[in-house]
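# Structure at a glance
Next come the chains, spelled out residue by residue.
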Amino acid sequence: MLRIALSGLKIIVAAAIGAAIVGASILAVTPPQYEATARVLVDVGLPEDTSPDGVERQIMYANYRTVTIKSLVTSDLILEPVIDELSLSTTPRQLADSVTALSALSTSIIDIFVTTDDPEKSAEIANAIAVQVENEFSRDNGRMTQNISVVQSADANIPQSGPTLAVVLGLSTLAGAFLALAFLLARHSLVATAKK
């Protein structure tokens, strides 16, 4: 294999350079993306019951409410008021494509991620969604209290997300070189078979 690679070294180098140029070109025309994160805490208070079963029920209910609220972060219920407040020229469905809500297992914390091509816009939308979640789901009906609070606001001072130029160039170069090597090996195999 080494002999084949050395004999086709020019082809491998040309393919690697070509792939690197293609990768860099794609990255150059792709708009940069910025991901801002806001964090909310779901604090559910139930009637006092300090027994082990009561505490476990409270924890399970808090987790259930966290998952439910997380699922509704990208709903029209939350996104329509945000669009109106920020005067965004989009629909809830389109905005939902830029929003992700995640919560770690067995926690009452929801991370709201917003990705756009503008860092300030990403942070503004993430913060507006977090406040809307807080306003929409905080309630006290006497039997149960549910306090949603924004514990971390999104910051517009965020780096560009996605692969860097160095990563794209490195991966493209390797991909080009491996494809060229695969081509050389396949060609050598076909020639060897034809000679038999």
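Below you will find a few notes about this structure. (Residues numbered from 1 in each chain as written. Predicted model: local features only at pLDDT ≥ 70, side-chain atom pairs only at ≥ 80, totals over all residues. Heavy atoms only, no water.)

## Focus on unusual backbone geometry
Not every positive phi belongs to a glycine, and Ser87 is a case in point at roughly 55 degrees. With respect to the helices and strands, Ser87 occurs in the loop between α4 (76-86) and α5 (92-96). (Helix = DSSP H or I, 4+ residues; strand = E, 2+ residues; numbered from the N terminus.)

## Points about the side chain of Arg65
Structurally, the position occupied by Arg65 is in helix α3 (residues 52-72). Here Arg65 sits buried without a salt bridge, and the closest side chain of opposite charge, Glu136, lies 9.3 Å off (N-O distance). Apart from the residues within four sequence positions on either side, Arg65 is in contact with Val42, Val44, Arg139 and Gln146. (Buried < 20%, exposed > 50% of the residue type's maximum accessible area, 1.4 Å probe, protein only. Lys, Arg positive; Asp, Glu negative; His and termini not counted. Salt bridge = Lys/Arg side-chain N within 4 Å of Asp/Glu carboxyl O. Contact = heavy atoms within 4.5 Å.)

## Remarks on helix α6 (residues 119-137)
Helix length check: α6, at 19 residues, gives a terminal C-alpha distance of 27 Å against a target of 27 Å (1.5 Å per residue), a fit within 8%. Taken residue by residue, α6 has Ser122, Ala123, Ile125, Ala126, Ala128, Ile129, Ala130, Gln132, Val133 and Phe137 as its buried positions. Between a side-chain oxygen at the N-terminus of α6 and the backbone nitrogen of Glu120 the separation is 2.8 Å; the capping residue is Asp118. (Expected span 1.5 Å × (residues − 1). Polar contact = N/O pair within 3.5 Å; in protein donor to acceptor, adjacent residues only side chain to side chain.)

## Digging into a nonpolar patch on the surface
The grouping of Leu9, Val13, Ile17 and Ile21 at the surface amounts to a nonpolar patch, some 360 Å² of accessible area in total. Topologically, Ile17 is positioned in helix α2 (residues 9-29). (Patch = residues over 30% accessible without salt bridge, like charges linked within 9 Å, V, L, I, M, F, W, Y side chains within 5 Å. Areas by Shrake-Rupley, 256 points an atom, 1.4 Å probe, with all protein chains shown as cover.)

## What about the packing of α4 against α6?
The geometry of α4 relative to α6 is characterised by a closest axis approach of 9 Å and an angle of 125 degrees between their N-to-C directions. It follows from the interaxial angle that α4 and α6 lie oblique. Between α4 and α6 the crossing geometry is right-handed. Contacts between α4 and α6 involve Leu77, Ile78, Leu79, Pro81, Val82, Glu85 and Leu86 on the former and, on the latter, Glu124, Ile125, Ala128, Ile129, Gln132, Val133, Glu136 and Phe137. Each residue belonging to the contact of α4 with α6 can be placed in one class, and the counts come to 11 nonpolar, one polar and three charged. (Axes fitted to C-alpha atoms, helices over the stretch in contact; angles between N-to-C directions. Parallel < 35°, antiparallel > 145°, perpendicular 65-115°, else oblique. Left-handed = near helix turned anticlockwise from the far one by under 90°. Nonpolar A, V, L, I, M, F, W, Y, C, P; charged D, E, K, R; others polar.)

## Looking at the environment of Glu85
Mapping Glu85 onto the fold places it in helix α4. Given a relative accessible area of 52%, Glu85 falls into the exposed group. For the pair Glu85 and Ile125, spaced 40 residues apart in sequence, the C-alpha to C-alpha distance is 9.8 Å.

## Examining the pairing of strand β2 (residues 99-102)
Only one face of β2 is covered, namely the face carrying Val99 and Ala101; the face carrying Thr100 and Leu102 is uncovered. In the sheet, β2 pairs with strand β3 (residues 109-116) via four bridges, with the strands oriented antiparallel. The residue of β3 that forms the bridge with Leu102 is Asp111. The turn linking β2 back onto β3 is made up of six residues, and Ser106 within it adopts a positive phi angle of 60 degrees. (Pairing = 2+ DSSP bridges.)

Just geometry here; none of it tells us what the structure is for.
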